[in-house]
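Here is how the chains run, residue by residue.
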Amino acid sequence: MRKFDTKVQHLKYKVLREVARHAWDDTLLEKVLDIPQQIAPGKVPTMRCCVYKERAILGERVKLAMGGDKEHRNVIQVIDIACDECPAAGYEVTASCRGCIAHRCEDVCKRGAISFDHNHVAHIDKSKCVECGQCAKVCPYSAIINRKRPCQVACKVKAISINDDNAAHIDDEKCIQCGACVYQCPFGAIQDRSFMLDVIDMIKKSQNNTQYKVYAMVAPSISSQFTYAKLGQVITGLKKLGFHTVIEAALGADMVAQAESRELAEKGFLTSSCCPAFVQYIKVNFPQLLPYVSHNLSPMAALGKYLKDTQPGCKVVFIGPCTAKKAEAQLDTVKPYVDAVMTFEELQAIFDSRDFDITTLEEDVLDNASYFGRIFARSGGLSDAVKQGLMEEKLDFIVNPVICDGIEECRMALLKKSKNALQGNFIEGMACVGGCIGGAGCLTHGEKNKAEVDKYGREAFEKTIGDAVSMLK
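These figures come from a predicted structure and were not determined experimentally. (Residues numbered from 1 in each chain as written. Predicted model: local features only at pLDDT ≥ 70, side-chain atom pairs only at ≥ 80, totals over all residues. Heavy atoms only, no water.)

## Quick notes on the sheet that holds strand β9 (residues 214-218)
Strand order across the open sheet formed by four strands is β10-β9-β12-β13, with parallel pairing between neighbours. With one partner strand each, in any of the chains shown, β10 (245-248) and β13 (340-343) form the two edges of the open sheet. Averaged over all adjacent pairs, the angle separating strand axes in this sheet is 25°, with direction ignored. By the bridge criterion, four bridges tie strand β12 (residues 315-320) to β13 in an arrangement that is parallel. The residue bridging valine 317 from the neighbouring strand is alanine 340, located in β13. (Pairing = 2+ DSSP bridges. Helix = DSSP H or I, 4+ residues; strand = E, 2+ residues; numbered from the N terminus. Axes fitted to C-alpha atoms, helices over the stretch in contact; angles between N-to-C directions.)

Have a look at this one:
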């Protein structure tokens, strides 16, 4: 039994699975054109107006599953031909307009965009409207509404607009690649590029070369995913795929918590650097605050660096819930340490491309990190870990964290800091609501995931950050 939140996720998964299936046996280039017809067989459409459009869109999904446009630096991309079902966005007059004679909406519009028909019903000229919203504010019947597309509502950094072809357009300069639009689009018209083929290629090479070791680094939010199986069976499944070993990114979180607590005590104020979407948001919108961003690498990059230093020539694949991690892995400061990033969605597809039923596998053990490293996966966990780090390091510093659950709360905290009005000395920034457990690449989303992460943390063998990090020496 596979668990996906939406049928859009399931469709995306089917494409990923078939691409992976052909990649394993080196028939991908031969069979790639057959994949859309395999998923949408016959002549009766199941999702669109006609089966030919379905297959054309599936063809675009296949391209993204194979890596997408590599010249396009943004890992989030729009499938234009799939983005044509949403109504035009912006202010519009609804049937609630009573044709009143006050015409306040006309009086307040400075652009002359409001006109009336013979029944005195208002109409908005889109060529003149600048979306100021004043007409909606003064209408006594609330008859004028601002209709936004789901992707625009999801994008809290206002990186999505509508182009001349009525399709979504992503402003790459504003986009933080959090993937909120990917998860919320009801038609799956926005999707993240996959680096799954790179991972399969690495595993295949390792099977012919015992010196070529591929490490799977799993995010702590894995504890709330794959709910149909046990975590130990997932770990065994990863090794059965061909990964040399599996290691917790939470161990990297322990490393970062220890180092970040020292940095905070030294500097007096800090923002976290663990969430790449949050760091990118600061770069774009609050560049004056960049000196306050922790100089530590993220847990993914910190642990990747350790593996590369101690296991020369190894390959590191991060597996987690985050689309922004795919972008982080392309940064010059991170690229040497992480070879590829996959989401949990993609891992599920790879399991099934090999016809693995992981529920039949024995349980392996994953025990590298402490409780504090593991709870990085949910909002507030990082702050708890920094408090613990200060205590373990015996640093005379009292942390007053500002825990930002989602990018809107991040914006408010950063705005207050920019105006010297923030009551706190440490900003924990998480772009996704709930933290990493709310990432776009999760199989499931929900409040219960937080409880699963906390439970996973309590099961850690290493009880302190220091104990976990000491294992690296």
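## Here we look at the layout of surface pockets
Roughly 580 Å³ of volume is contained in the largest pocket. Around the largest pocket, the lining is made up of 23 residues, and of these Val279, Lys283, Glu328, Leu331 and Thr333 lie nearest the centre. Of all elements in the fold, only α12 (276-285) and α14 (324-328) reach the threshold of two or more residues within the lining of the largest pocket. Per-element tally for the lining of the largest pocket: the top contributor is α12, with four residues. (1 Å grid on protein atoms, 1.4 Å probe; cavity = no way out; pocket = protein on both sides within 12 Å on 5 of 7 lines; lining within 4 Å. Points joined across faces, edges and corners; volume = space filled by probe spheres on them.)

## Description of the packing of aromatic side chains
Evaluation of the coordinates by the stated rule reveals six aromatic pairs. Seen in terms of ring centroids, phenylalanine 4 and tyrosine 13 are 5.0 Å apart; in terms of plane orientation they differ by 40°. Their pairing is tilted. Both rings, one in phenylalanine 269 and one in tyrosine 292, keep their centres 5.2 Å apart while their planes meet at 85°; by these two values the pair is edge-to-face. Of the two residues, phenylalanine 269 sits in the loop between α11 (249-267) and β11 (270-271) while tyrosine 292 sits in the loop between α12 and α13 (299-310), which places them 23 residues apart along the sequence. For tyrosine 292, a relative accessible area of 33% corresponds to the partly exposed category. (Phe/Tyr/Trp six-rings, centres within 6.5 Å; stacked < 30°, edge-to-face > 60°. Buried < 20%, exposed > 50% of the residue type's maximum accessible area, 1.4 Å probe, protein only.)

## Quick look at helix α10 (residues 231-241)
Counting buried residues along α10, eight of its eleven residues qualify, which places the element largely inside the surrounding structure. Those residues of α10 not exposed but buried are Gly232, Gln233, Val234, Ile235, Thr236, Gly237, Leu238 and Leu241. Looking at the packing, one finds that the buried side of α10 touches α1 (7-24), α9 (196-207), β9, β10, β12 and α15 (344-353). (Contact = heavy atoms within 4.5 Å.)

## Focus on the packing of α1 against α9
Two elements in contact, α1 and α9, have axes whose closest approach is 10 Å; the angle formed by their N-to-C orientations is 30°. Classed by the angle they form, the pair α1 and α9 counts as roughly parallel. Handedness of the crossing formed by α1 with α9: right-handed. Note on element contacts: α9 touches α1 through Met196, Leu197, Ile200, Ile203 and Lys204, opposite Leu16, Val19, Ala20, Ala23 and Trp24. A breakdown of the residues in the contact of α1 with α9 according to their chemical character gives nine nonpolar, no polar and one charged. (Parallel < 35°, antiparallel > 145°, perpendicular 65-115°, else oblique. Left-handed = near helix turned anticlockwise from the far one by under 90°. Nonpolar A, V, L, I, M, F, W, Y, C, P; charged D, E, K, R; others polar.)

## A few points about empty space enclosed by the protein
All chains considered together, the criterion is met by four cavities of 30 Å³ or more. In this structure, the largest cavity occupies an estimated 340 Å³ of space. In terms of lining residues, the largest cavity is bounded by 26 residues, among which Cys274, Phe318, Lys325, Phe376 and Cys436 are the most central. Mapped onto the lining of the largest cavity, the elements with two or more residues apiece are α11, α12, α13 and α14. Here the lining of the largest cavity gets three residues from one element, more than from any other, and that element is α11.

## Some remarks on the state of the cysteines
For the coordinates displayed, the defined rule picks out zero disulfides. Not engaged in a disulfide, the cysteine cysteine 274 finds its nearest cysteine sulfur in cysteine 436; these two sulfurs lie 8.3 Å apart. Residue classification places cysteine 274 among the buried positions, given a relative accessible area of 9%. Free cysteine: cysteine 275, not disulfide-bonded; nearest cysteine sulfur from cysteine 322 at 6.2 Å. (Disulfide = S-S within 2.5 Å.)

## Concerning unusual backbone geometry
Of all residues except glycine, most have a negative phi; of all peptide bonds, most are trans. Although it is not a glycine, histidine 120 sits at a positive phi angle of roughly 70°. Within the element layout of this structure, histidine 120 appears in the loop between β3 (114-116) and β4 (122-124). For histidine 120, a relative accessible area of 37% puts it in the partly exposed group. A positive phi angle, close to 60°, is found at aspartate 355, a residue other than glycine. Mapping aspartate 355 onto the fold places it in the loop between α15 and α16 (371-374).

Nothing here speaks to function; it is geometry throughout.
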